[in-house]
Every structure is written in C-alpha cells, then in structure tokens.
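Tertiary structure, described
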Amino acid sequence: MSRRTFLQGSSALGVASLLGLPGLAAAEPPPETRKIRLVLAETMCLAPQYIAEEFLRAEGFEQIEYVPIQAASGKYSPIWIPGMLADSIADISMSAAPGLVAAIDRGAQVTVIGGIHAGCYELFGNGDIHTVRDLKGRAIAVAEAGDERLFIGSMMSYVGMNPGTDVRWVVTRSSDDSMRLFTEEKVDAFLGFPPQPQELRSRRIGRMFLSTAADRPWSQYFCCVVAGNRNFVRNNPVATKRVLRALLKAADVCARDPNRAVQYMLDKGYVKDRQYAMGLLADLPYDRWRKADPEDTLRFYALRLREIGMVRNGPQKIIADGTDWRYLNELKRELKA
C-alpha cells in the first residue's frame, strides 16, 4: 500500500467518524479524473454539496473546486446552474428540478442522475393573498436568471391559471432584488429559497402561504436533484458514481445530525448564520433520496410546464434525453443499510 493510499484510507475513516457515518466505498476502480468542479451558491439548501467535500476526498478526488455561481452563455437556458453544467463551467451540481426540465427541453447538454431533497422554496404574499389563486392580477418579482418563474408557473398551472396573462411578472437582476421589492411592498408576491424565507419570518414580513416542504403535491417531489455535464457523465462513469455517492452520504449527514452538519459548514465558512441553518436542515427531508423516484419529479414538472407553454416537449422525451439513473439505482442497493 502506497503512502497516498494509506493516507486516503485513514482520512476516509476520520471523515466517517467525524460526520457520524459508518463505512465508505468498497474497493472499485479509481475515478477517471482526480478533479471535480461543483457549484458554489449562497443558499443553505445545497448543504449536502458542501458536506460532501470530505467524502469526495475519501472517494479519491484530489482537486475539489467550488465554482461561484455565474451566468453561462445563455445558449441553453437562463438558469444559472444548468447553464454552468451545459457550458462545462462545472461538472456536477445539485440544482432545482424545474430549471433542469426547462434546460433539457432547450437542448442543454446536461444529465440528471439522482434526487436529494424536497421543500426549500416558499411562496410569500403581501396583503390579502392567501392562496395561489389569489395571485390573479397581482405583481410577482422574479429574478431574470432564476428558477422562480418556473416554480410559480407550475403552481399556477396546477390550479388552472395562466401565468402568461393572469399575473404581472416584475423581472429583477437577482433574487435578493426580488426580495427587496417584496419587503418594500412594491410587489405582491415573492418565492424565496434559504435563507430568504427564514429571514422574512424573523422580520415578520409578508405571509408564507405555500411551502414546498409541507404542501402537496409539491412536498411529494424533489426540489433539488443532482445533474452533471453530459459529456462528463458519459466519459467518467466511475467518477460520476463516486461523486453521487459522496452527495448521498452527505445528505444522510444532514438528515441524521443537522447540528453536526451545520457546525461543519460554519467551520468551513459555507454558512454564516447558525440559527437559519439549523432551522433549515431540521425541516428539510434530506433522506428523501432513499424513498422517492426522481423520474416522477421530472415528469410532474414537465407536464405542468408544458401545459402553460414554458417547455415544448413532453416528459417522455425530456426524461429520455436528459437522465441516467444507473448510478442512483446501484447506490440505493449499496447504501440500503
């Protein structure tokens, strides 16, 4: 055994002990590449992606790069993370399911390989807004390169509304700008993701009237799934499986011991507010990957978005063009205990 192999093994055991998980990957071929690039976004719901850093080292990755979220070329999709994957700015990342459905529909070279959790988005309203139907005729702030319009559009589709004519979209440069307009009561509704909902509640601003963690049918589907650049997934099957395994183990850490997970992220500088982070990790079902089928999620959003003209293709083509469940199916058997 080489010194490098020994150190990797001892590091892996230390990570498992630190994060409270027994056992690491069984002996299998090494990854085709020792470098992996993931997306760094200022949202706490991506916690497994940051917890996974040490598991990725144990999986044999020597260069682990977190690429700050940025606008891609716009060739495939205005959604940042799918665009970054399609343009090979990042290799693999968690990302919102509706944005990936829209990106695949437009021909983005991305492949969805698994699901992680549900529930990070919450819809807030001002004044007398209590339901999605109450949004008719109202102004909704959405970021130009975010997933908010797709999420809200699917919600409106589900209750028989037309997002093209029933509401007024106020397009902003960022989600932070959208929240600012909402707090200033310049718009009527806003879809927030962590830590924005936690901040709105602490400041007693607006009213949360739909939670994708608690309200059906949204709570039954994945919010965040895992996707990769299509060429990376195709050309690096061992590395792809190892990355997904690290992410799933990290999700288990978030589910089993959120306090330990939050402390790890605080120590690494990935989050700054313990209270917000603890509230989020305690609420989100990070063990959902063991129970739910991510293909059902893509089918659900593809149907909703096609009904309102936000995607052209049906779910069968989107799933055929943009998914590969081999790695997830293998890991569900491997990590069953």
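To be clear, the structure that these remarks concern was listed above.
Per-chain numbering applies: the sequence of each chain, read as written, is numbered from 1 onward. Where local features are concerned, this predicted model is filtered to residues with pLDDT of at least 70; where side-chain atom pairs are given and counted, the filter is 80 or more; whole-chain, interface and lining totals use all residues. The side-chain values count all of the structure's non-hydrogen atoms but skip hydrogen atoms and water molecules.

Throughout this description, the term salt bridge denotes a Lys or Arg side-chain nitrogen within 4 Å of a carboxyl oxygen of Asp or Glu. Under the defined criterion, the tally for this structure stands at 28 salt bridges. Residues Lys241 and Glu330 are paired through a salt bridge, measuring 3.1 Å at the closest nitrogen-oxygen approach. On the criterion of sequence distance, the pair formed by Lys241 in helix α9 (residues 237-256) and Glu330 in helix α14 (residues 326-334) is long-range, its members being 89 residues apart. Between Arg256 and Asp252 there is a salt bridge, with its nearest N and O atoms 4.0 Å apart. Of the two residues, Arg256 and Asp252 both sit in helix α9, four residues apart, roughly one turn of that helix. Accessible area is worked out with a 1.4 Å probe on protein chains only. A residue is then buried under 20% of its type maximum, exposed over 50%, and partly exposed in between. Judged by relative accessible area, Asp252 falls into the buried class, the value being 5%. The numbering of helices and of strands both runs from the N terminus, where a helix is a DSSP run of H or I of at least 4 residues and a strand a run of E of at least 2.

Here we come to the sheet that holds strand β3 (residues 92-96). Within a sheet, adjacent strands bond to each other through the backbone by hydrogen bonds, running parallel or antiparallel. Strand order in the open sheet formed by three strands is β3-β10-β4, and the pairing between neighbours is antiparallel. Of all strands in the sheet, those with a lone pairing partner are β3 and β4 (110-117), marking the two edges. The average undirected angle you get between the axes of adjacent strands in this sheet is 35°. Taken together, the six bridges between β4 and strand β10 (residues 224-229) define a ladder with antiparallel strand orientation. Looking at β10, one finds that Thr111 is bridged to Gly228. Any two strands are treated as partners once DSSP identifies two or more bridges connecting them. To define axes, lines are fitted to C-alpha atoms, for helices over the stretch in contact only, and angles between the resulting N-to-C directions are given on a 0 to 180 degree scale.

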